Structure formats: C-alpha cells, structure tokens
Amino acid sequence: MAGRINDDDVKAVRDAVPIDSVVSEYLQLRNAGGGNLKGLCPFHDEKSPSFQVSPGKGLFHCFGCQEGGDTIAFVMKIDHLSFSETVERLAAKAGITLRYEEGGYNPSHQRGERIRLIEAHQAAADFYVRALESPEAEIGRKFLAERGFDQDAATHFRVGYSPAGWDHLTRYLRGKGFSDKELITSGLSQDGRRGPIDRFRGRLMWPISDTAGEIVGFGARKLRDDDNGPKYLNTPETPIYKKSQVLYGIDLAKKDIAKASRAVVVEGYTDVMACHLAGVTTAIATCGTAFGNDHIKILRRLLMDNGSARVIFTFDGDSAGQKAALRAFEDDQKFAAETYIAIAPDNMDPCDLRLAKGDDAVRDLVEPRTPLFEFALRQIVGRYDLETPAGRASALDEAAAVVAKIKTSSVQREVAVQLAGFVGILDQEFVVHRVAQLARWARDKGGDGRGDPRGGRGPGGPQDRRGGTPQQPAQASAAPSGPALNLRSPAHRTERELLKLALQKPALVSPAFDAYGADEFTAPPYAAVRQCIAEAGGAERGLGDNREYLVAVMDAAPNNTVRSLVTELAVEVFMGRTIDETYAGMQLVHVRLRAVDRRINEVQGSLARLGSNVAPDDLAAAQNEVWVLQQYAQSLRAKGADAL
C-alpha cells in the first residue's frame, strides 16, 4: 500500500496553489474588501454572496453554511475527493512531485477512484479524437462539414469518433493499465457476453467536462441507419457523471459568462459549437435532461446574480419548447438574473440558423428581446378563447397561479399588471389582488409562511447573519459550558474581535494574548477557539508563517464545528476602521477587564453567601484577592494596554 504523503510536500502544495485561482474554477469571485473576495457559496443555495475567500491566508469560509478551510479542504468538499486524491490533483496542477513516507511513489493502481476515472476519460477523449481522422470516420467528418464545422472547429471542441467495432476503446484502455472494473464503473465500457465491450460504437463523440475542465462523460450522436440506439446516447450515471449537474460547454464558457454576466442556454452540442464559433461564447447546453435546479446553481455561482445578469434560453417554438419555457419560468424564481427567450425564424436552432443565415444571425438571435415570463404567460393565455368571459377567467386562473410563485412582491405586482393586459382585463387591481391572494394561500399551505428560510441574514458579517439570535456556530461537546453566543453582547463582540486579531494579525496582540486563559472567554465557542490557539503554539507562532499557523490551529480543533469557527474568524473583516496596536490594545484590555470584574463579583458573592461562616484566614485571603483585583482593574482603566 502506498505510504503517507510527506508533510513538507503537503505544505508545498498548499502554498503553491493559490486558493482564489482554485475557487474561481467553480464560481465567480469579486472584491469583498479587506483583501478578501466573495461569491455565491457552492455548498448551499443562496442569493446573496456569503462565501468569502482570503488569498493572503489561503482560507475560505461561508458565513451562511459555516463551511470553511484551506485549498485542500475546498477541493475535497466540492469534488468529493479524499485527502490524498486532492493533494495529488493539486500537486499535478503545481508540477510538484510527491514523496511518500514509506518510500517510493504512489502506484497508479492505488490512486483514488475519481482520479482514475478522470484519467480514463481523458485517455478515451484522446483515442476518439485520433479515431476521427481514420477512414472509417469519414461519415462523422461529413456530418460535421454539413453543419458548418471544419477540422479546426472539431479540434477546438475535441470532437471525436468511436470506432464501430465491439471493443476498440476497451482494449486500448486496458493497455493503458485500466482494469475492467474501472472501465465498467466509468461508463466507457459495458458488460458483454465475453467481457467488457465499448459502450459507444460508430458514433460522433463530444467530451463533457465539469466546471473545473475535467472530462467526466461523453455525448454520442448516431451516424448510421443500422444503429438501433437512440439519436443521442450519453454516459450513464457514474461516480463522476451526474447529468443533472453538468452543462456541456461550461468549461469553455465560464470565464465569459462571469465577465459578461450573461449565459445562453441552448439545446444541443452542435448548437453550443455554432454559438461559440459565431462569437456567442457564453453558450452552454444540458446533457440529455431538462434544465433544472442544479443547473441553475451552477450558473448563479458564475453570474453571481447581480442586477445586470442575463440568462437567455433558445427553446424552439413547438409544444416541447413551450413546456420547457414554463418549466424554466418556474425555476426562474431561484434566479435574481433576468431571463429571456430567443426563438429563431422558422423555429431554427442556432446550428441551422448559422448555416442558413451566418454568424451575424446567431448573434442577433441571442440579443434579449422577449422576457421569459412574458413568453410563458402568453403560452398559457394563448390556449384560451379570450373573446368570452369564461375563457378570460380560465386563462387568468392558470396564469395567475404561475405569477403568484414570484417571491419578490414588487416584481410580482408588475408582472400581474402585465398579465391583466395579456388577458384583456381592464381592472388591473383585480388581477393584482387575485395573484396576491394565490400567493398567500400557497405560503399558508406550505407551512409557517415566514418567507426566506435564512431569516433575512445577509453576507455582511456576523451582525447580519446572527442578529443576536442564540445560534451557536461552534457548540462542540469539547467546548466549556457557559452562556449562549449572542453578538448583541458587548463581551462576546469584544472576545470575537480579539480572536480575529490573534488569528489574522497575531503581531498586534502577541505576547500578551498568550497569557489569556480560555476561561477569560465567556462564549463557549470562543473559549474552544482560544484553546485551539494555545494547542497550536499560541499567537506567537503566527509571527512566522501565518498560513502554517492557521493550519495548526485548525488541526487542533476537536471537531468540524470548532474548525469551521476558526476559518470564519480567520477571514471575517474587523469591526473597527483602523486596525493597529491601539485597536488591539483596546480589545485586550476589555476582555481582561471583564474577566477581572467577573472574578471580583464571584469572590464578593461567595463572601456574601457565607456570611459569618467564613474562617478568619479565608476571609483575609478573599479580601486581599479582591483588593489586588480592584487595583489591577483600576490600573487597566487608567493605563490601558500598558497595564497588561
């Protein structure tokens, strides 16, 4: 069995691969101030960015779902990899050769499943690309040429061809060291009477990549009449391929989608090719399934749901396209972006449109013209006879139920007014009232009707996110008992600031901070973090390599809850405007002063409860302790940090 990866190599990988460059492969990041970046969290559904990345510290943290950690933790979480698989992938990206403590290098057959399956798909893509040049693949090259795609286009999109024999790819991948089990698991091969055979045979092949650009599956188009399979055959569900979570072309389009705040959703592989070649480089397509919630999440992370974002669907105008529009309109409630629909003349798809009228026609097609809500509502209304009162009433009932799903009240009212015009009802307020009534019924039927399940929390930091509610982001069993965390408490706010200083700017609070005990932090989560800092060597350790120090603090956490709070405090912005020695001294003094006052109250309270039952020596000792503490408190108030 392969040995443990050398610790120095793990550190080298962590330092060599910037966390912002890795995270940017999955979502759009923007400046959040204080040297941090922000984006929509990839680990939970949100509309306002609460996910922050600190490039300087090499950490990320989501203030919404509490996920956090370093580059390795991010890749492990988002791609469901083991620690060793993640380090190996990042090492390959950075060009670092890993050493294993038990000697030797990691044999390929011992590498993680995901990495092996990705490598199999990469090898298969290379095989298919070469096969497209073979005499047998003339039918595939002709198919592409008839649709306006030359060799350069095929090369750009890595289009290939799967030979018509039974096991050409299977034998090739076996020769590359892949086992039959791996080939079956990958979906590249399937069980035959005498062993594995190729899943794709005699077809044109499009590689399907994930957001990070790794090939996870294929789409295969039928070319011959004697092929009894479906017109398009996709990779089956595998450990790395989930059709509801992939978008064809996302690896090519993601940068331009983020840059332009626009995404164009088309229906097929050739439509994506046509759009990109025509200059519409934000085009993507689903892979054999309807556009759904998981696809929305991918796009929202890239668009970041800002006010200028646009999502344009190029559904055809037939009944299937109408159904798709209605379904997309319902899903659109999860978008903050405005959505539009583009239908070409004669219901041509972008590929046919490019062939018939050229690149300019494709670019003109996707210029937003018809809002998706308008198209969807007109499709509903168009099914009824609006010349009769009964027809108008029926059209209103069905369309109003769709409008009622709009969660933003101002937008809901605006669309309701337009619906009145579509139906031909002059009394706009009647339609607005009807829509609002349906919305209330839906909320009441759905539960408590409280609206946003996040309780109005925003990305602005702990004050926005908790608002004083006694939620405890780090109530670990290992944490000391005490009052619930409440950021309306001045004591808790100060303790939080001091811990942030100890993690982010240890030079401002060291060495004084390291003399503070965990019992000086009244919030149990903060006491747990203080203990982690102590076990990692104290804030003084952060005076050297700050990243190594933060990793050590996270490693000292007793559980994921405390570890999450560490990353949160390590990336959160400070409450003060000027973070200097004076500010740090104030936090140190306030935390210490409150601890001293608490101790004075404890001793005096004990004396009061015992009354005359206190032994003379114990009474003298207690009174002396109170006197010393009172003098210390007076000195702290008068001299500030100089008295520490």
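Up top you'll find the structure we're talking about.
Residues numbered from 1 in each chain as written. Predicted model: local features only at pLDDT ≥ 70, side-chain atom pairs only at ≥ 80, totals over all residues. Heavy atoms only, no water.

### Some thoughts on the nonpolar core
Reasoning step 1: L144, V159, L204, W206, Y248 and M273 are the most contacted members of the largest nonpolar core, which has 45 residues in total.
Reasoning step 2: Beyond its immediate stretch of four places on either side in the chain, Y248 contacts F157, W206, P207, I208, Y269, V272, M273, I284, A285 and C287. (Core = buried A, V, L, I, M, F, W, Y, C linked by side-chain atoms within 4.5 Å. Buried < 20%, exposed > 50% of the residue type's maximum accessible area, 1.4 Å probe, protein only. Contact = heavy atoms within 4.5 Å.)

### With respect to the side chain of T170
Reasoning step 1: As for its position among the elements, T170 is in helix α8 (residues 168–175).
Reasoning step 2: In this structure the side chain of T170 is engaged in a polar contact, spanning 2.9 Å, whose partner is the side chain of S189.
Reasoning step 3: Each residue touching T170, except ones within four places of it in the same chain, is listed here: L183, S189, P196, I197 and D198. (Helix = DSSP H or I, 4+ residues; strand = E, 2+ residues; numbered from the N terminus. Polar contact = N/O pair within 3.5 Å; in protein donor to acceptor, adjacent residues only side chain to side chain.)

### Quick look at the sheet that holds strand β2 (residues 36–39)
The strands that make up a sheet pair up through hydrogen bonds in the backbone, lying either parallel or antiparallel.
Reasoning step 1: In spatial order, the strands read β1-β2-β3-β4-β5; together these five strands make up an open sheet with antiparallel pairing. What marks the edges here is a single partner per strand, and that holds for β1 (30–33) and β5 (68–70). Ignoring which end each strand starts from, the neighbouring axes of this sheet average 25 degrees apart.
Reasoning step 2: Note: β2 against strand β3 (residues 51–54), three bridges, orientation antiparallel. Following the sheet pairing, K38 is matched in β3 by Q52.
Reasoning step 3: Of the strands in this sheet, β3, β4 (59–62) and β5 are in contact with helix α3 (residues 71–79), which crosses β5 at around 120 degrees.
Reasoning step 4: Together, β2, β3, β4 and β5 form the strand contacts of helix α25 (residues 560–571), whose direction differs from that of β4 by roughly 105 degrees. (Pairing = 2+ DSSP bridges. Axes fitted to C-alpha atoms, helices over the stretch in contact; angles between N-to-C directions.)

### Observations concerning the sheet that holds strand β12 (residues 262–266)
Reasoning step 1: The strand order β13-β12-β14-β15-β16 describes an open sheet built from five strands, whose pairing is mixed. With partners counted over all chains shown, the strands left at the sheet margins are β13 (283–285) and β16 (370–371), one partner each.
Reasoning step 2: Bridge analysis of strand β14 (residues 310–313) against strand β15 (residues 338–341) gives four bridges, and the strand direction is parallel. Residue pairing for β15: F313 is matched across the bridge by I341.
Reasoning step 3: On the sheet, helix α10 (residues 250–260) packs against β12 and β13 and is oriented at approximately 130 degrees with respect to β13.
Reasoning step 4: Of the strands in this sheet, β12 and β13 touch helix α11 (residues 269–277), which is tilted by about 175 degrees from β13.

### Some points on empty space enclosed by the protein
Reasoning step 1: In this structure the tally under the stated criterion is four cavities of 30 Å³ or more.
Reasoning step 2: Space inside the largest cavity adds up to approximately 60 Å³.
Reasoning step 3: Along its surface, the largest cavity is lined by L40, C41, H44, D45, E46, K297, R300 and R301. (1 Å grid on protein atoms, 1.4 Å probe; cavity = no way out; pocket = protein on both sides within 12 Å on 5 of 7 lines; lining within 4 Å. Points joined across faces, edges and corners; volume = space filled by probe spheres on them.)

### What to know about the pairing of strand β10 (residues 215–222)
Reasoning step 1: In terms of burial, β10 is a largely internal element, seven of the eight residues being buried.
Reasoning step 2: With seven bridges joining them, strand β9 (residues 203–209) and β10 adopt antiparallel strand pairing. Residue pairing for β10: L204 is matched across the bridge by R221.
Reasoning step 3: Linkage of β9 to β10, two consecutive antiparallel strands, is achieved through a turn of five residues, within which G213 is found at a positive phi near 90 degrees.
Reasoning step 4: Direction of pairing for β10 relative to strand β11 (residues 232–234): antiparallel, over a ladder of three bridges. Directly across from R221, in β11, lies its bridge partner Y232.

So far we have only geometry, and geometry alone does not tell us how the molecule works.
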